[in-house]
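Per-entry structural report
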Amino acid sequence: MRPLPNRRRKNRGISLGLFALCLAAARCLQSQGVSLYIPQAAINATVKENILLSVEYSCVGVPTIEWKYTSNWGVQKIVEWKPGTQANISQSHKDRVCTFDNGSIQLFSVGVSDSGCYIITVTEHLGSSQLGSIVLHVSEILYEDLHFVAVFLAFLAAVAAVLISLMWFCNKCAYKFQRKRRHKLKESKTEEIELQDVEC
């Protein structure tokens, strides 16, 4: 009856060894998978600006990199390529996208309609993949509006200055006119008094 416990110990040792081996293999497979680093997950830009959607990846072999654009209108594929090969750029982004071997892309002359979420998928040749996203917000330049407001305010200030000058000039003229009129009234009154005195 004593040999039975030895078998159980051997079975436990074998199962623990297999578990440790599986765990080590899983860690090795995990370390060989794709890792993706996105330094800036949200970007604010203005219209007509060139924007770099920067990423870095690491994996074994040459992966396939795909960028998609999602917005309120749905999902749209931008570009797909393998580093070192020609990129397959969608018709909507032709001449507006530049790809880099590290997985980054540059968008030229962005507009308000380019605001949304950009999703990158890096797929290894073994099948493992990693997703990442960058949110882009594009706003219009307000300088033209501010320039218009500044010119309009300058025009209003000039009109106000002209009106103030006219009012001052009119006030001076009215004061001189009233002074002459008073002077004439005084002279006419004194003449009337003198006439009355002479008649008396």
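Residues numbered from 1 in each chain as written. Predicted model: local features only at pLDDT ≥ 70, side-chain atom pairs only at ≥ 80, totals over all residues. Heavy atoms only, no water.

Naming follows an unreviewed UniProt entry, where the protein appears as V-set and transmembrane domain-containing protein 5 of Orycteropus afer afer.

1. What about the nonpolar core?
Rules: In this text, buried Ala, Val, Leu, Ile, Met, Phe, Trp, Tyr and Cys residues form a nonpolar core when linked through side-chain atoms within 4.5 Å. Three labels apply to residues, based on accessible area from a 1.4 Å probe with only protein chains included: buried if under 20% of the type maximum, exposed if over 50%, partly exposed otherwise in between. Helix and strand definitions here come from DSSP, where helices need a minimum of 4 consecutive H or I residues and strands a minimum of 2 consecutive E residues; each element is numbered from the N-terminal end. Contact criterion: two residues are considered in contact whenever any of their non-hydrogen atoms come within 4.5 Å of each other.
Of all hydrophobic cores here, the largest spans 24 residues; its most connected members are Leu53, Trp67, Ile105, Leu107, Tyr118 and Leu136. Looking at this core, the elements that each hand over two or more residues are β2 (42–46), β3 (51–53), β5 (64–71), β6 (74–81), β9 (105–107), β10 (116–123) and β11 (129–139). Not counting chain neighbours up to four residues away, the residues in contact with leucine 136 comprise Ile43, Ala45, Ile51, Leu107, Asp114, Ser115, Gly116 and Tyr118.

2. Thoughts on the sheet that holds β9
The test is simple: A strand pair is defined by DSSP finding two or more bridges across the two strands. Between N-to-C directions, angles cover 0 to 180 degrees, with each direction set by a line fitted to C-alpha atoms, over the stretch in contact for helices.
Ordered by their spatial adjacency, 3 strands build an open sheet running β3-β9-β8, and the pairing between neighbours is antiparallel. With one partner strand each, in any of the chains shown, β3 and β8 (97–99) form the two edges of the open sheet. This sheet shows a mean twist of 20 degrees between the axes of neighbouring strands, independent of strand direction. Taken together, the 3 bridges between β8 and β9 define a ladder with antiparallel strand orientation. Bridging across to β9, valine 97 finds its partner in leucine 107.

3. Structural notes on the environment of asparagine 50
Going by this rule: Identification of polar contacts relies on pairs of N or O atoms within 3.5 Å, with a donor-acceptor requirement for protein atoms, meaning one able to donate a hydrogen and the other able to accept it, and with residues adjacent in sequence counted only if both atoms are side-chain atoms.
Checked against the element boundaries, asparagine 50 lands in the loop between β2 and β3. The class of asparagine 50 is partly exposed, set by a relative accessible area of 44%. If near-sequence neighbours (up to four positions away) are discounted, asparagine 50 is found in contact with Gln106, Leu107, Phe108 and Ser109. A distance of 2.9 Å separates a polar side-chain atom of asparagine 50 from the backbone nitrogen of serine 109.

4. Describing the pairing of β6
Inspection of the sheet shows β5 paired to β6 by 7 bridges, in the antiparallel sense. Across the sheet, serine 71 pairs through a bridge with glycine 74, a residue of β6. Hairpin geometry of β5 and β6 is characterised by an intervening segment of 2 residues between the two adjacent antiparallel strands. Sheet analysis places β6 next to strand β7 (residues 88–89), joined by 2 bridges and oriented antiparallel. Among the inter-strand pairings, valine 79 is bridged to a residue of β7, identified as isoleucine 89. Counting the residues in the hairpin turn of β6 and β7 gives 6 residues, including glycine 84, whose phi is positive at 95 degrees.

5. A closer look at the environment of serine 58
Examined against the element boundaries, serine 58 turns out to sit in strand β4 (residues 56–58). The partly exposed category is assigned to serine 58, whose relative accessible area is 39%. In this structure, the C-alpha to C-alpha distance between serine 58 and glycine 33, residues 25 residues apart in sequence, is 8.3 Å. When sequence neighbours within four positions are dropped, the list of residues in contact with serine 58 reads Gly33, Val34 and Ser35. A polar contact of 2.4 Å, which involves the side chain of serine 58, links it to the side chain of serine 35.

6. Regarding the sheet that holds β7
The strand order across the open sheet formed by 6 strands is β2-β11-β10-β5-β6-β7, and the pairing between neighbours is mixed. Two strands lie at the open edges of the sheet, namely β2 and β7, each paired on one side alone.

7. Overview of the state of the cysteines
Note the following rule: Pairs of cysteine sulfur atoms within 2.5 Å are identified as disulfides in what follows.
By the definition in use, this model includes 0 disulfides. Unpaired in terms of disulfides, cysteine 173 finds its nearest cysteine sulfur in cysteine 170, a separation of 6.4 Å. Judged by its relative accessible area of 37%, cysteine 173 is partly exposed.

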